[in-house]
Amino acid sequence: MKGPETPFPRHWLYYLILKYAVIVAAVAVTFYTVYRLYHG
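The paragraphs below set out a description of the structure included in this document. Because the structure is a prediction, the values reported are computed rather than measured. (Residues numbered from 1 in each chain as written. Predicted model: local features only at pLDDT ≥ 70, side-chain atom pairs only at ≥ 80, totals over all residues. Heavy atoms only, no water.)

## A word on the overall build of the protein
Okay, step 1: Across its full length, the protein holds one helix and zero strands.
Okay, step 2: By residue count, 2% of the 40 residues in the protein fall in the buried class.
Okay, step 3: Within the structure as shown, the protein displays about 4,100 Å² of accessible surface, and the carbon and sulfur contribution to it stands at 71%. (Helix = DSSP H or I, 4+ residues; strand = E, 2+ residues; numbered from the N terminus. Buried < 20%, exposed > 50% of the residue type's maximum accessible area, 1.4 Å probe, protein only. Areas by Shrake-Rupley, 256 points an atom, 1.4 Å probe, with all protein chains shown as cover.)

Now the structure itself:
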(Lines give C-alpha, C1' and ligand atoms only; values in the text may rest on other atoms or scores of the structure.)
Protein backbone atom coordinates (compact mmCIF):
# COMPACT_ATOMS: atom_id res chain seq x y z
CA MET A 1 0.00 0.00 0.00
CA LYS A 2 1.52 3.29 -1.11
CA GLY A 3 0.52 6.90 -0.56
CA PRO A 4 -1.60 8.81 -3.05
CA GLU A 5 -0.03 10.42 -6.11
CA THR A 6 1.08 13.93 -5.15
CA PRO A 7 3.70 16.37 -6.50
CA PHE A 8 5.97 15.22 -3.64
CA PRO A 9 5.21 11.57 -2.73
CA ARG A 10 7.57 11.45 0.25
CA HIS A 11 5.57 14.16 2.01
CA TRP A 12 2.05 13.20 0.96
CA LEU A 13 0.82 13.16 4.57
CA TYR A 14 1.86 16.76 5.12
CA TYR A 15 0.36 17.65 1.75
CA LEU A 16 -2.95 16.06 2.81
CA ILE A 17 -2.98 17.88 6.17
CA LEU A 18 -2.11 21.18 4.49
CA LYS A 19 -4.85 20.71 1.88
CA TYR A 20 -7.53 20.10 4.51
CA ALA A 21 -6.22 22.96 6.66
CA VAL A 22 -6.61 25.35 3.71
CA ILE A 23 -10.15 24.07 3.03
CA VAL A 24 -11.13 24.47 6.70
CA ALA A 25 -9.66 27.98 6.80
CA ALA A 26 -11.59 28.98 3.66
CA VAL A 27 -14.86 27.63 5.08
CA ALA A 28 -14.22 29.40 8.39
CA VAL A 29 -13.59 32.73 6.65
CA THR A 30 -16.73 32.26 4.56
CA PHE A 31 -18.91 31.56 7.60
CA TYR A 32 -17.36 34.48 9.48
CA THR A 33 -18.08 36.82 6.56
CA VAL A 34 -21.68 35.61 6.23
CA TYR A 35 -22.15 35.99 10.00
CA ARG A 36 -20.84 39.57 9.92
CA LEU A 37 -23.03 40.44 6.93
CA TYR A 38 -26.26 39.16 8.47
CA HIS A 39 -25.63 40.09 12.10
CA GLY A 40 -24.40 43.63 11.69
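Continuing now.
## Focus on the packing of aromatic side chains
Okay, step 1: Inspection of every chain in the model, using the stated rule, returns zero aromatic pairs.
Okay, step 2: Seen from the ring of Tyr 20, Lys 19 lies directly overhead, with NZ or CZ sitting 5.6 Å from the centre. (Phe/Tyr/Trp six-rings, centres within 6.5 Å; stacked < 30°, edge-to-face > 60°. Lys NZ or Arg CZ within 6 Å of the ring centre and 35° of its normal.)

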